[in-house]
Amino acid sequence: MTILDETYTLSNGVQIPKLGLGTWFIDDDKVADAVRAAVELGYRNIDTAQAYGNERGVGKGVRSAGVPRDELFVSTKLAAEIKDYDQALAAIDGSLGELGLDRIDLMLIHSPQPWNDFRGGDYAQGNREAWRALEDAHQAGKIRSIGVSNFQQRDLENILSSATVVPHVNQLLVHAGNTPSGLLAYCENKQILVEAYSPIAHGAILKNAEVQAMAEKYGVSVPQLCIRYTLQLGTVSLPKTANPEHMRSNAEVDFEISGADMDVLRDLRDVDYGEHSAFPVYSGK
């Protein structure tokens, strides 16, 4: 058994593999190869989004990967700009069409605000409408589980005020150097599983001397340490790569970080995202 065989169980009983492949920034014409390579290595959890512009390629990779569809867990995300019931319903069908699949395993609202107003204005009503569309698609059997991404506690409380389904997942920026402990605890309390995107801090953490020294102590690479850290937090880890060698090493994480070292990593506050600070999720808003 490796980490690739391990799953969490969502609050509705659906099983989700603990380690997945993130596909942000993998071009539509290259992503099918990346998906096939990942599946061949044993990955069963593939994460995309409408905003990535590569759903078509991801679907092609899934359909041609040579394993039964039932064995794969495919997630996508409703574009952050969609804050309206009818548009959301149409976009859900749009994703099914792009992916070329008859159902999606997990679909998330990508962000509580449109990207050009991230952590900005009041979209409470729009989020409730988008959520209702996800609930209806879930009820209709088009989506096996539904959730959100980048949602803070107040955003979750807004959804919960009118929801018939509690979000199964909240996908968040979580890595050593950025551990939102209060939000993680809140989600756990509500039985909302957290997925950690950018577990390697979009590469920013590779230069951290303290983290390098700790990785050396365990005889692992910095990415392996960082992925293991997010898994021990109880989150799904979604490292993004198109490189099969990286995919392989990202899955070689069957070691245990001590409680004391987990505390050190949890308390880290040192991250410079460099050029990636241009993206709203890394801008420190």
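This text goes with the structure placed above it.
Scope of this entry: the structure provided in the associated data block. Here the structure is a predicted model, which is why all the values come from computation and not from measurement.

**Describing the nonpolar core**
Piece 1. Core analysis: the biggest nonpolar cluster contains 87 residues, and Ile109, Ile205, Leu225 and Leu265 have the highest contact counts within it.
Piece 2. Beyond its immediate chain neighbours, meaning those up to four positions away, Ile109 contacts Leu78, Lys83, Asn127, Ala130, Trp131, Leu134, Gly147, Val148, Ser149, Phe151 and Ile159.

**Things to note about the environment of Arg266**
Piece 1. In this fold, Arg266 is placed in helix H10 (residues 259-267).
Piece 2. A residue is classified by how much of its surface remains accessible, and Arg266, at 26% relative accessible area, is partly exposed.
Piece 3. Taking the C-alpha atoms as reference points, Arg266 and Ile26, 240 residues apart in sequence, are found 29 Å from one another.
Piece 4. Those residues in contact with Arg266, other than ones at most four positions away along the chain, are Thr179, Ser181, Tyr229 and Leu233.

**Some words on the pattern of salt bridges**
Piece 1. According to the stated counting rule, one finds 16 salt bridges in the structure shown.
Piece 2. In this structure, the salt-bridge partner of Asp33 is Arg36, at a minimum N-O distance of 2.6 Å. Of this pair, Asp33 and Arg36 are both found in helix H1 (residues 28-41), three residues apart, which corresponds to roughly one turn of the helix.
Piece 3. Arg36 sits in the partly exposed class, given a relative accessible area of 26%.
Piece 4. Among the ionic contacts, a cluster of salt bridges with common partners joins Arg69, Asp70, Arg103, Asp105 and Arg144.

**As for the sheet that holds strand E7 (residues 143-149)**
Pairing between the strands of a sheet comes from backbone hydrogen bonds, and it takes one of two forms, parallel or antiparallel.
Piece 1. Strand order in the open sheet formed by eight strands is E3-E4-E5-E6-E7-E8-E9-E10, and the pairing between neighbours is parallel. Looking at the sheet topology across the chains shown, the edges are occupied by strand E3 (21-22) and strand E10 (236-238).
Piece 2. Here strand E6 (residues 104-109) runs beside E7; their pairing, made up of five bridges, is parallel. Opposite Leu106, over in E7, you have Ser145 as the bridge partner.

Definitions and cut-offs
Residues numbered from 1 in each chain as written. Predicted model: local features only at pLDDT ≥ 70, side-chain atom pairs only at ≥ 80, totals over all residues. Heavy atoms only, no water. Core = buried A, V, L, I, M, F, W, Y, C linked by side-chain atoms within 4.5 Å. Buried < 20%, exposed > 50% of the residue type's maximum accessible area, 1.4 Å probe, protein only. Contact = heavy atoms within 4.5 Å. Helix = DSSP H or I, 4+ residues; strand = E, 2+ residues; numbered from the N terminus. Salt bridge = Lys/Arg side-chain N within 4 Å of Asp/Glu carboxyl O. Pairing = 2+ DSSP bridges.

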